[in-house]
Amino acid sequence: MPPTRTPSSARSIETIVVDGLALAKSIRSELAEEIAKLTASGARPPCLAVVLVGDDPASRSYIKGKQRACGGIGMRSVEHLLPAETSQGEIIALIDRLNRDDSIDGILVQLPLPDGISAAAVARAVDPAKDADALHPNTSGQLLAGTADLISCTPLGIMAVLDHYGIPIEGADAVVIGRSNIVGKPVSLLLQQRHATVTMCHSRTRDLPGICRRADIVVAATGRARMVKADWIKPGAAVIDVGVSEVDGELIGDVDFEAVQGIAKLITPSRRGIGPMTITMLLRNTLHAYRARLGV
Ligand code: NDP
């Protein structure tokens, strides 16, 4: 697909604005083809179980989007909506039933969970073979060892964007801002496995602007709106903006998007950027889990 280029008269670099939606669609059509072949040969379609605890409207809309994405590629999905007052034991009992249900291939528990529920305990309850969101400690351990089949969805989406747009990773200086278990840590490992030299930054990092200025690849995953300024970016760097913050009803990324035009070689926008890739990698993981369990 042709990249969107931003003309820049005053600056020397034409910044590629990543079309994450178009890339996601093209990967999803490959996944759909794979599923169509499997079902044509008599196999049942893969199925993702989505668990939502509570009635947070944003979470509800996220799971609807994920279920629509499943339907779009011929994957089944089932939802389990539990009231906010559901106990941790009841959530784990449901996960246990889903673990033992042969018709379920992937399990996703939508985060955040209500106060008082341990997200770590819930993640541990999911059968690692069905760990579509890749949050089980076994899955994280496999990622650390470089042997994981199921990999955190957002980091996998980031790597797919870098590869699709031909960003060199081997030998690159990569700076990851944020050290969460779902984005910062796993993407650092994936970049390192592809031979980047990775610096992980966080809220106590000294001289973050100076560290960023050395980077060929910047991954910003903090949720701090427009924190990364244009003069933090080395000319020609690839900038992956994962952060999403709502400011005055608008979704804003971690990077000052307009200001880095003409400086960065590539940037992901806060809409149609990494978000659609994250959902696509959830589908990819569910299909992988299905293939591994069924041996097809
Ligand atoms: P967390 O809140 O778990 O982690 C945020 C990280 O940012 C922490 O490591 C924190 O440091 C660091 N941080 C916060 N403030 C600063 C600062 N001023 N300078 C440097 N580092 C800072 O967030 P997540 O990783 O879960 O998500 C990050 C963002 O990405 C959020 O906006 C989230 O909505 C978005 N997101 C988007 C996805 C998508 O598909 N588009 C998917 C997942 C997340 P410390 O550890 O020191 O506290």
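Parameters and conventions
Residues numbered from 1 in each chain as written. Predicted model: local features only at pLDDT ≥ 70, side-chain atom pairs only at ≥ 80, totals over all residues. Heavy atoms only, no water. Helix = DSSP H or I, 4+ residues; strand = E, 2+ residues; numbered from the N terminus. Rg over C-alpha atoms; globule rule 2.2 N^0.38 Å. Contact = heavy atoms within 4.5 Å. Areas by Shrake-Rupley, 256 points an atom, 1.4 Å probe, with all protein chains shown as cover. Lys, Arg positive; Asp, Glu negative; His and termini not counted. Charge placed at Lys NZ, Arg CZ, Asp CG, Glu CD. Near = heavy atom within 4 Å. Polar contact = N/O pair within 3.5 Å; in protein donor to acceptor, adjacent residues only side chain to side chain. 1 Å grid on protein atoms, 1.4 Å probe; cavity = no way out; pocket = protein on both sides within 12 Å on 5 of 7 lines; lining within 4 Å. Sits in = over half its atoms within 2 Å of the grid points. Nonpolar A, V, L, I, M, F, W, Y, C, P; charged D, E, K, R; others polar. Expected span 1.5 Å × (residues − 1). Buried < 20%, exposed > 50% of the residue type's maximum accessible area, 1.4 Å probe, protein only. Arc of directions from axis to C-beta. Core = buried A, V, L, I, M, F, W, Y, C linked by side-chain atoms within 4.5 Å. Domains from an automatic or database assignment. Points joined across faces, edges and corners; volume = space filled by probe spheres on them. Salt bridge = Lys/Arg side-chain N within 4 Å of Asp/Glu carboxyl O.

**Notes on the overall build of the chain**
Stage number 1. In terms of regular secondary structure, the chain is built from ten helices and twelve strands.
Stage number 2. At 19 Å, the chain has a C-alpha radius of gyration in line with the 19 Å of a compact globule built from 296 residues.
Stage number 3. With the principal axes as the frame, the chain shows a C-alpha extent of 60 × 45 × 40 Å.
Stage number 4. Of the contacts made within the chain by residues no fewer than 6 positions apart, 71% connect residues no fewer than 24 positions apart.
Stage number 5. When the accessible surface of the chain is split by element, carbon and sulfur atoms take 51% of a total near 13,700 Å².
Stage number 6. Looking at charge distribution, the chain has the averaged site of its 32 positive side-chain charges lying 2 Å from that of its 32 negative ones.

**Re the site of the ligand**
Stage number 1. Within the structure, the ligand sits among 20 residues, and Arg179, Ser180, Ser203, Val244 and Thr278 are positioned closest to it.
Stage number 2. One nitrogen or oxygen atom from the main chain of Val244 is found 2.9 Å from an oxygen atom belonging to the ligand.
Stage number 3. Across the complex, the protein chains shield 69% of the 930 Å² of accessible surface that the ligand would expose by itself.
Stage number 4. Given that more than half its atoms are within 2 Å of the pocket grid, the ligand belongs to the largest pocket.
Stage number 5. For the shell around the ligand, the class distribution of residues is eight nonpolar, ten polar and two charged.

**A short note on helix α3 (residues 88-100)**
Stage number 1. Its 13 residues place the ends of α3 18 Å apart at the C-alpha level, agreeing with the 18 Å of an ideal helix rising 1.5 Å per residue.
Stage number 2. By the burial criterion, the buried members of α3 are Ile91, Leu94, Ile95, Leu98 and Asn99. Mapping the buried residues of α3 onto a view down its axis gives an arc of 145 degrees, with all of them on the same face. Exposed and oriented more than 90 degrees from the buried face of α3 are Arg97 and Arg100.

**Quick look at the nonpolar core**
Stage number 1. By size, the foremost hydrophobic cluster in this structure holds 54 residues, and its most contacted members are Ile158, Leu162, Leu191, Val219 and Ile240.
Stage number 2. Two domains share this core, each providing at least three of its residues, namely domain 1 (43-127) and domain 2 (152-276).
Stage number 3. Beyond its immediate chain neighbours, meaning those up to four positions away, Val219 contacts Ile158, Val175, Val176, Ile177, Val187, Leu191, Ile240 and Val242.
Stage number 4. Core analysis: the next-biggest nonpolar cluster, separate from the first, contains 21 residues, Leu208, Val228, Ala237 and Val255 among them.

**A few points about the layout of surface pockets**
Stage number 1. If you add up the space inside the largest pocket, you get close to 1,600 Å³.
Stage number 2. In this structure, the largest pocket is lined by 45 residues; those nearest its centre are Tyr62, Thr154, Val244, Gly275 and Thr278.
Stage number 3. Residue assignment for the lining of the largest pocket shows that the elements contributing at least two residues are α1 (20-40), α2 (57-72), β5 (106-109), α6 (153-164), β10 (245-247) and α10 (274-294).
Stage number 4. In terms of residue count, α2 provides more of the lining of the largest pocket than any other element does, eight residues in total.

**As for the pattern of salt bridges**
Stage number 1. Under the criterion given, the structure shown has nine salt bridges.
Stage number 2. With a shortest N-O distance of 3.5 Å, Arg272 and Asp19 are connected by a salt bridge. In this pair, Arg272 sits in the loop between β12 (266-267) and α10 while Asp19 sits in the loop between β2 (15-17) and α1, placing the two residues 253 residues apart along the sequence.
Stage number 3. Using a relative accessible area of 46% as the deciding quantity, one classes Arg272 as partly exposed.
Stage number 4. A salt bridge links Asp105 to Arg293, with the nearest nitrogen and oxygen atoms 2.7 Å apart. With Asp105 in the loop between α3 and β5 and Arg293 in helix α10, this pair connects stretches of sequence that are 188 residues apart.

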